[in-house]
Protein chains: 2
Amino acid sequence: MPGRVSREGDGGAGAPVSVSGLGSGPEFDRIRRFLAGARGGGPAVRVGPGDDCAVVTGAGIALSADMSVEGVHFRRDWLAPEEIGWRATSAALSDLAAVAARPVGVLCSLAVSDADAGEMAERVMVGVREAAEAAGGALLGGDLTRSPGPLVLDVTVVGESAAPVLRTGARPGHELWVTGELGAPGFAVAALLAGRQPEPAVRDRFARPVPRLAEALWLVERAPLGALIDLSDGLGGDAGHVATASGVALELERAAIPIHPAVLTGAATREEALAHAMSGGEDYELCLTAPGGALEPLRAAFEREHGVRLTRVGRVAEGSGLFWMDGGTRAPLGAGGYQHFRGDP
Amino acid sequence: MPGRVSREGDGGAGAPVSVSGLGSGPEFDRIRRFLAGARGGGPAVRVGPGDDCAVVTGAGIALSADMSVEGVHFRRDWLAPEEIGWRATSAALSDLAAVAARPVGVLCSLAVSDADAGEMAERVMVGVREAAEAAGGALLGGDLTRSPGPLVLDVTVVGESAAPVLRTGARPGHELWVTGELGAPGFAVAALLAGRQPEPAVRDRFARPVPRLAEALWLVERAPLGALIDLSDGLGGDAGHVATASGVALELERAAIPIHPAVLTGAATREEALAHAMSGGEDYELCLTAPGGALEPLRAAFEREHGVRLTRVGRVAEGSGLFWMDGGTRAPLGAGGYQHFRGDP
């Protein structure tokens, strides 16, 4: 009910969602129900859901938050409620992969309309819990509130890393690598916007992304990584973040970018496919740098172990900005990437 | 723009807000601006804002999330933008006080309309940062996204506690205590809803609440606390949480409840004042149990040190539920408290 503020307070579900520590009422019953299936988490979880805070331990605790808004980040006619929860949680967990942290758990806050406070909220939270558990983490807590507006999820991820790999470590002479094949999620959204159903493999990359957590941990245990980031904005945008944070230039080989085969097949031109790979976003693959020659000897074992490609796409050079290397010529790539407020004055 | 999903991806500001690690664009410039004034945090902050995750350390890391929605939890005609940020952050920080954790920092995710993406978002975040810093914590990260709906803030608080005090520790024979004087925030909201401006001291308790973090740490260092909780739902609701979580009954002395003097003065009857104190909510005071006689010897020093009252309001008994003790008679108190979805079928 817009414009009306309850006089009873705002902290009703402000504590982590709770099995034992809540009073009575339909909201609390619902939360109890979806938490009943949640596992308690690994040894790093000292206090799980059920009190004012969850408590976790670890040498270094990595934290990141990612907010998704209906009509901006997802549409309910495109995704099942469980997929909405899974996708928002996987997107947030990808930030743990981006520093090579091991997931401990997630907190999820959910704002829903009165009409969505029942089955819809529960099914979204089932997707959140499934994504957290698939990544080896637990549902640690969160909040549930009504809203007169669109469904909003905010997922805070909690991971453990004694030695996080940051965006700042790219050095001239490093090679630039990416995992996986790019462009399918952006291609799926383009199809959906045009009123077409994307083919299952492409839709799946959009609706059920899997963050590269095991892949990041595997790599950091075996190679002296420089910089690491996940591809949420598209390679163009995220490589730009690495270049800026590390104070270097990145030279990308136009012909080396690993484009998802369904995008190559489905796009009208190779240029259109490349655009999806560079700026479609939501790939949740990894982009990393390592000293020259460090990763090539590991490539076959990585691809066998994870069933995911590992591709050298360029190099780190002195300077700043992004460049295309194309048949020996070098040209500025432009900012690329994605901004929420592009229409902002 | 409702119903339209951008094809460019959803991770644009999904990483923690960043000074060094972001690309160009008006959104990023704005985030840089408000973070420019943020302190880096204490020794527990190993990696602050600026990468995919913040990284913190500590013996036990306490985590909680609290979501606030415009029109449900606050109205912009009642609060300045900085107060909206301060209030949401203090409400979340109160959950750290509720386990006696020391604040390390906060992550704040913000969903705003295009019209609010400028000055409004920045001023809200200034309030968030001020509340975090006033509590001894840092702004660790967050997310910023546009939304076609109301302004939504989700604040995740991060604290350190080697020995968190939970809701589960109330035992028969314990005394029940509360800090401060109750009812002023609910009384302020009642006045605002009636179109009246509350008097400054009452409005301040609503608009700029101060979580009892130092008070909780002071008490836990000096007394063998049983259960601890913060008063967000009103004493009736939160005492109910303690009773349920600990598996005990709580007997509250009707005459002992510390009602805020302005509420006693302003309310039509003492019963109305008591109702504000019991179920008005948003007091962000502490409610705790301790063995009989443990706290009375500390009371004067506590009140002198913190300028906050400490009042014995009842006792813990065998059984379950809440009871009024009133001139020697005992009567069930009822559930009380607050639920977001009270209109839910």
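Predicted model, so just to flag it, every value in this text is computed and none were measured.

The rules behind the values
- Residues numbered from 1 in each chain as written.
- Chains lettered and ligands numbered in written order.
- Predicted model: local features only at pLDDT ≥ 70, side-chain atom pairs only at ≥ 80, totals over all residues.
- Heavy atoms only, no water.
- Helix = DSSP H or I, 4+ residues; strand = E, 2+ residues; numbered from the N terminus.
- Buried < 20%, exposed > 50% of the residue type's maximum accessible area, 1.4 Å probe, protein only.
- Contact = heavy atoms within 4.5 Å.
- Areas by Shrake-Rupley, 256 points an atom, 1.4 Å probe, with all protein chains shown as cover.
- Expected span 1.5 Å × (residues − 1).
- Phe/Tyr/Trp six-rings, centres within 6.5 Å; stacked < 30°, edge-to-face > 60°.
- Lys NZ or Arg CZ within 6 Å of the ring centre and 35° of its normal.
- Salt bridge = Lys/Arg side-chain N within 4 Å of Asp/Glu carboxyl O.
- pLDDT = per-residue confidence, 0-100.
- Pairing = 2+ DSSP bridges.
- Axes fitted to C-alpha atoms, helices over the stretch in contact; angles between N-to-C directions.
- Core = buried A, V, L, I, M, F, W, Y, C linked by side-chain atoms within 4.5 Å.
- Nonpolar A, V, L, I, M, F, W, Y, C, P; charged D, E, K, R; others polar.

K.L.:
Explain the overall build of chain A here, please?
P.N.:
A count of helices and strands for chain A gives 10 helices and 12 strands. Going through the 345 residues of chain A one by one, you find that 67% of them count as buried. A fraction of 81% describes how many contacts in chain A between residues 6 or more apart in sequence connect residues 24 or more apart. Entry remark: accessible area of chain A is about 10900 Å², with carbon and sulfur atoms responsible for 51%.

K.L.:
Explain helix 2 (residues 81-97) of chain A to me, please; I cannot follow it from the model alone.
P.N.:
Residues lying three or four places apart along an α-helix face the same way, a consequence of the helix completing one turn every 3.6 residues. A rise of 1.5 Å per residue sets the reference length of helix 2 of chain A, with its 17 residues, at 24 Å; its end C-alpha atoms lie 24 Å apart and thus fit the reference within 8%. With 16 of 17 residues buried, helix 2 of chain A is to be regarded as a mostly interior element.

K.L.:
Is there a simple way to explain the packing of aromatic side chains in this structure?
P.N.:
The geometry of an aromatic ring pair comes down to the distance between the two centres and the angle between the two planes. Overall, the coordinates contain 4 aromatic pairs over all chains when judged by the stated rule. Note on W78 of chain A and F206 of chain A: the rings are 6.5 Å apart at their centroids and 70 degrees apart in plane angle, and the pair reads as edge-to-face. Separated by 128 residues along the polypeptide, W78 of chain A in the loop between strand 2 (54-69) and helix 2 and F206 of chain A in helix 5 (residues 200-207) bring together distant segments of the chain. The exposure class assigned to F206 of chain A is buried, which follows from its relative accessible area of 2%. Taking the ring centre of W86 of chain B as reference, the NZ or CZ of R208 of chain B above it sits at 4.0 Å. Taking NZ or CZ as reference, R330 of chain B lies 3.7 Å from the ring centre of F323 of chain B, over its face.

K.L.:
Help me out: how do you make sense of the pattern of salt bridges in this one?
P.N.:
Between side chains of opposite charge, a pair can form as their charged atoms come close. All names here are of chain A. Counted by the stated rule, this structure contains 38 salt bridges over all chains. A salt bridge links E221 to R222, with the shortest nitrogen-to-oxygen separation between them at 3.6 Å. Classification of R222 by relative accessible area gives partly exposed; the value is 42%. A salt bridge links E251 to R315; the shortest N-O distance between them is 2.7 Å.

K.L.:
I'm lost on the confidence of the model for chain A in this one. Help?
P.N.:
As a general rule, the predicted coordinates of low-pLDDT regions are not to be interpreted in detail. Residues and elements named next belong to chain A. Of all residues in chain A, 84% attain a pLDDT of 70 or more, and the chain-wide mean is 85. Low pLDDT, under 50, characterises residues 1-25; the stretch is placed with 109 contacts to residues that sit more than four places away or in other chains. Model confidence for the complex: the whole-complex pTM is 0.87, and ipTM, which rates the interface, is 0.86.

K.L.:
Sorry, what's going on with the pairing of strand 5 (residues 152-160) of chain B here?
P.N.:
The two faces of a sheet get side chains in turn, since along a regular strand they alternate between them. Residues and elements named next belong to chain B. When you tally the buried positions in strand 5, you get 8 out of 9 residues, the bulk of the element. Where strand 3 (residues 102-112) lies against strand 5, 9 bridges are found, and the strand directions are antiparallel. If you follow P103 over to strand 5, its bridge partner there is G159.

K.L.:
Any chance you could explain the sheet that holds strand 12 (residues 329-332) of chain A here in plain terms?
P.N.:
Paired through backbone hydrogen bonds, the strands of a sheet run either parallel or antiparallel to each other. All names here are of chain A. On the basis of which strands lie adjacent, the open sheet formed by 7 strands has the order 7-9-6-10-8-11-12 and mixed pairing. Among the strands making up the open sheet, the edge pair consists of strand 7 (228-230) and strand 12. Here the strands of the sheet are splayed against their neighbours by 30 degrees on average, with no regard to which way each runs. Across 5 bridges, strand 6 (residues 174-179) lies against strand 10 (residues 310-317) in antiparallel orientation. Among the inter-strand pairings, L176 is bridged to a residue of strand 10, identified as G314.

K.L.:
Honestly, the nonpolar core in this entry has me stumped. Any pointers?
P.N.:
Across soluble globular proteins, nonpolar side chains show a tendency to be buried alongside one another. One finds L110, L153, L235, L250, I257 and L295 of chain B to be the most contacted residues of the largest nonpolar core, which totals 88 residues. Here L250 of chain B is in contact with L176, A239, V242, A243, R315, V316, G321, L322 and F323 of chain B, once residues within four sequence places are set aside. The next biggest cluster of nonpolar side chains, apart from the first, holds 87 residues, and it includes A121, L153, V155 and L322 of chain A.

K.L.:
Explain the sheet that holds strand 11 (residues 321-326) of chain B to me, please; I cannot follow it from the model alone.
P.N.:
Residue and element names in this part refer to chain B. Across the sheet, which stays open at both edges, the 7 strands sit in the order 7-9-6-10-8-11-12 with mixed pairing between neighbours. Looking at which strands have only one partner, the edges of the open sheet turn out to be strand 7 (228-230) and strand 12 (329-332). Adjacent strand axes in the sheet meet at a mean angle of 30 degrees, parallel and antiparallel pairs treated alike. Bridge analysis of strand 6 (residues 174-179) against strand 9 (residues 286-291) gives 5 bridges, and the strand direction is antiparallel. Residue pairing across strands places E175 opposite A290, the latter belonging to strand 9. Lying over the sheet, helix 7 (residues 235-246) contacts strand 6, strand 7, strand 8 (249-253), strand 9 and strand 11, oriented at roughly 125 degrees with respect to strand 11.

K.L.:
Please clarify how the packing of helix 2 of chain A against helix 5 of chain A should be interpreted in this entry.
P.N.:
The description of two packed helices rests on the angle between their axes and on the distance between the axes. Residue and element names in this part refer to chain A. Taken N-terminus to C-terminus, the directions of helix 2 and helix 5 make an angle of 65 degrees; their axes are 9 Å apart at the nearest point. Here E83, W86 and R87 of helix 2 come into contact with helix 5, specifically with R203, F206 and A207. Tallied by class, the residues present in the contact of helix 2 with helix 5 amount to 3 nonpolar, no polar and 3 charged.

K.L.:
Could you clarify how one ought to interpret the side chain of H306 of chain B in this entry?
P.N.:
Within the fold, H306 of chain B resides in helix 10 (residues 296-306). For H306 of chain B, the contacting residues outside a window of four places in its chain are A214, E215 and W218 of chain B.

K.L.:
I tried to follow unusual backbone geometry on my own but got confused; where do I start?
P.N.:
Among all residues except glycine, the phi angle is most often negative; among peptide bonds, the trans geometry is most common. All names here are of chain B. Notably, A100 is not glycine yet its phi reads approximately 60 degrees, a positive angle. Looking at the element boundaries, A100 is found in the loop between helix 2 (81-97) and strand 3. We classify A100 as buried; its relative accessible area is 5%. Unlike most non-glycine residues, E282 shows phi in positive territory, near 65 degrees. Locating E282 in the fold gives a position in the loop between helix 9 (270-279) and strand 9. On the basis of relative accessibility, which here comes to 4%, the residue E282 falls in the buried class.

K.L.:
I'm lost on the pairing of strand 8 of chain B in this one. Help?
P.N.:
Residues and elements named next belong to chain B. Most of strand 8 sits out of view: 4 of its 5 residues are buried. Note: strand 8 against strand 10 (residues 310-317), 4 bridges, orientation antiparallel. Within strand 10, the position partnered with L250 by the bridge is V316.

K.L.:
Looking at this model, I keep getting lost on the environment of L79 of chain B. Mind explaining?
P.N.:
Residues and elements named next belong to chain B. Its location among the elements puts L79 in the loop between strand 2 (54-69) and helix 2. Sequence separation between L79 and G321 is 242 residues; the distance between their C-alpha atoms is 37 Å. In this structure, L79 is in contact with F74, I84, R87, R203, F206 and A207, ignoring residues within four places of it in sequence.

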